[in-house]
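# Observations on the three-dimensional arrangement
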Amino acid sequence: MMSDLTGFKAAINASERANGKPESSLDSLMVQLFNEVEYVWPRLGYPPLVTPFSQYVKNTALMNLLAMAQNKPRFSTIDKDTWGMILGKMGKLPGELAPEIVQIAKEKGMEFYTGNPQDMYPDELPKYREMMKEKGWDCGQDDEELFNMAMFERQYLDYRSGIAKERFNKDLEAFREKAGAPIVVKRAVVEMPEFDLGALLAKYPKATPVQAPVAGQMLWQVDVDGPSTAPAVGTKVAAGKPCGYVQAWYGMEELLAATDGQIVAVTAPHGKKVAKGEIVALVQ
C-alpha cells in the first residue's frame, strides 16, 4: 500500500498544484487513503478485505484521491478487475452496492452477472490430466501434482523434465566461479532520472497515469517483423484495453489504460525494468 501511495504522490501533488491546492505530504496522504478506504468499502458492497478484493478496494480509494485532486468526482476511474468484482463475475458481494456505483455501471452499458462465476471459466484440468498421462507422471494422492501442473505449467514442466535442475546447477557454478574471483571494488554511480515526472504532470494536469501492474520488464509491443518500441506521443488508447505489457517472472501481464484518450508522455522506455505501481505513461 505504501509503495502504491508513494507512486501516486507525485501525480496527486501535481494536480493539487495545478488546482491551487496545498500539496499533501506522504503522511497526510496515508491518512486520506485510510479515510477513503473507509468511504469506498461499504459502497463497493463490503467485499472481503483479503487478496485480491482488498487490493481492489485500495486501488479504487487511490484513484479517488487522484480524481479529487483533479477536481473530478469519486469513482471517475475504476479498473477492469474491480469492475469484474462489482458486476458479480467473482461471486455475490456480502453487501449492496451504492446507487452511485450501480448508476455508473448503467451509464457505461455494463451488465451485472448473477450466475455461477465458475461457469465463466472452462475446466482445464482434463487437458492437464491428459498431459500428465502422456508423460507418465503421477497426479499425486489428492491430485496435488496435477494442480501444481495446472497452476504453474512452465515451472512444473521445467522441474519434472530436469531443465530447472540444469539451470540451477549452471547458475550455482557461475556463482562459485564468481566467489573465487578477485574482488573488484567499484565506485557507485548515481543515475539521474530519465524524466521529471513532476514537470510532466504540471504540463498535463488532467492526464491519467498508466501504472505497471507488477514488477518486471516493460514491453510496449512484441513485434516479430521489426524492432519493438514504445508508442509515439499521440497514440490513442481505450479504457480497459491493453496498451502494452510487463514481463514478470511468471509470464506477461497486460498494461491497461484507465481512461480513453491519447498518450501524451512515455516515462518508461521499452525494455526498462519497472516496479509495481510505477508510472510508465500519461494519458489525456
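Please refer to the structure higher up on the page.
Before going into details, it helps to say that this report is about the structure given with it. Here the structure is a predicted model, which means the values were calculated and not measured. (Residues numbered from 1 in each chain as written. Predicted model: local features only at pLDDT ≥ 70, side-chain atom pairs only at ≥ 80, totals over all residues. Heavy atoms only, no water.)

### What about the overall build of the chain?
- Helix and strand counts for the chain come out as 10 helices and 8 strands.
- Dimensions of the chain, computed from C-alpha atoms along their principal axes, come out at roughly 65 × 60 × 40 Å.
- Looking at the chain alone, contacts between residues at least 24 apart form 63% of all its contacts between residues at least 6 apart.
- Charged side chains of the chain number 32 positive and 37 negative; the gap between the two group centres comes to 5 Å. (Helix = DSSP H or I, 4+ residues; strand = E, 2+ residues; numbered from the N terminus. Contact = heavy atoms within 4.5 Å. Lys, Arg positive; Asp, Glu negative; His and termini not counted. Charge placed at Lys NZ, Arg CZ, Asp CG, Glu CD.)

### Topic: the packing of aromatic side chains
- In total, this model carries 4 aromatic pairs according to the counting rule given.
- Counting every residue linked through ring pairs, the aromatic cluster contains W137, Y156 and Y159.
- Directly above the ring of Y39 sits R43, whose terminal nitrogen or CZ lies 3.6 Å from the centroid.
- The ring of Y39 is capped by R74, whose NZ or CZ atom sits 3.9 Å from the centre of that ring. (Phe/Tyr/Trp six-rings, centres within 6.5 Å; stacked < 30°, edge-to-face > 60°. Lys NZ or Arg CZ within 6 Å of the ring centre and 35° of its normal.)

### Re the sheet that holds strand β8 (residues 279-283)
- Taken in spatial order, the 4 strands make up an open sheet running β1-β8-β6-β3, and their pairing is antiparallel. Every interior strand has two partners, whereas the edge strands, β1 (208-211) and β3 (236-237), have only one.
- The sheet contact formed by strand β6 (residues 261-266) and β8 spans 3 bridges and is antiparallel. Considered in β8, the bridge of I263 is made with V283. (Pairing = 2+ DSSP bridges.)

### What about the nonpolar core?
- In terms of nonpolar packing, the biggest core is built from 39 residues, with I12, L44, W83, M85, I86, I101 and L282 touching the most fellow members.
- Broken down by secondary-structure element, the contributors of at least two residues to this core are α1 (2-18), α2 (26-43), α3 (53-69), α4 (80-86), α5 (99-107), α10 (197-203), β6 and β8.
- At 9 residues, the largest contribution of residues to this core is made by α3.
- Those residues in contact with L44, other than ones at most four positions away along the chain, are V57, T60, M85, I86, L93, L97 and I101.
- Judged by nonpolar contacts, the second largest core, of 17 residues, contains A212, V214, V246 and L255. (Core = buried A, V, L, I, M, F, W, Y, C linked by side-chain atoms within 4.5 Å. Buried < 20%, exposed > 50% of the residue type's maximum accessible area, 1.4 Å probe, protein only.)

### What about the side chain of T60?
- Mapped onto the secondary structure, T60 falls in helix α3.
- Exposure remark for T60: the relative accessible area of 1% places this residue in the buried category.
- In terms of polar contacts, T60 uses its side chain to reach the backbone carbonyl oxygen of Y56, at 2.8 Å.
- Setting aside chain neighbours within four positions, we find T60 in contact with V40, L44, F75 and T82. (Polar contact = N/O pair within 3.5 Å; in protein donor to acceptor, adjacent residues only side chain to side chain.)

### Details of the environment of D171
- Examined against the element boundaries, D171 turns out to sit in helix α9 (residues 163-180).
- Assessed through its relative accessible area of 39%, D171 is described here as partly exposed.
- Put simply, D171 and A11 are 160 residues apart on the chain and 41 Å apart in space, counted from C-alpha to C-alpha.

### Some points on unusual backbone geometry
- Residue T51 is joined to P52 through a cis peptide bond whose omega torsion reads 0°.
- Its place among the elements puts P52 in the loop between α2 and α3.
- Although it is not a glycine, Y46 adopts a positive phi angle of roughly 50°.
- Here Y46 is to be found in the loop between α2 and α3.
- Judged by its relative accessible area of 42%, Y46 is partly exposed.
- Phi is positive for F75, close to 65°, though the residue is something other than glycine.
- You can see F75 is positioned in the loop between α3 and α4.

### Quick word on the packing of helix α6 (residues 125-135) against helix α7 (residues 144-151)
- At a minimum axis separation of 10 Å, α6 and α7 run at an interaxial angle of 110°. By the angle class used here, α6 and α7 are roughly perpendicular. The two elements α6 and α7 meet at a crossing, and its hand is right-handed. Contacts between α6 and α7 involve L125, Y128, R129, M131 and M132 from the former and E145, L146, F147, M149 and A150 from the latter.
- Here the contact of α6 with α7 is built from residues that sort into 8 nonpolar, no polar and 2 charged. (Axes fitted to C-alpha atoms, helices over the stretch in contact; angles between N-to-C directions. Parallel < 35°, antiparallel > 145°, perpendicular 65-115°, else oblique. Left-handed = near helix turned anticlockwise from the far one by under 90°. Nonpolar A, V, L, I, M, F, W, Y, C, P; charged D, E, K, R; others polar.)

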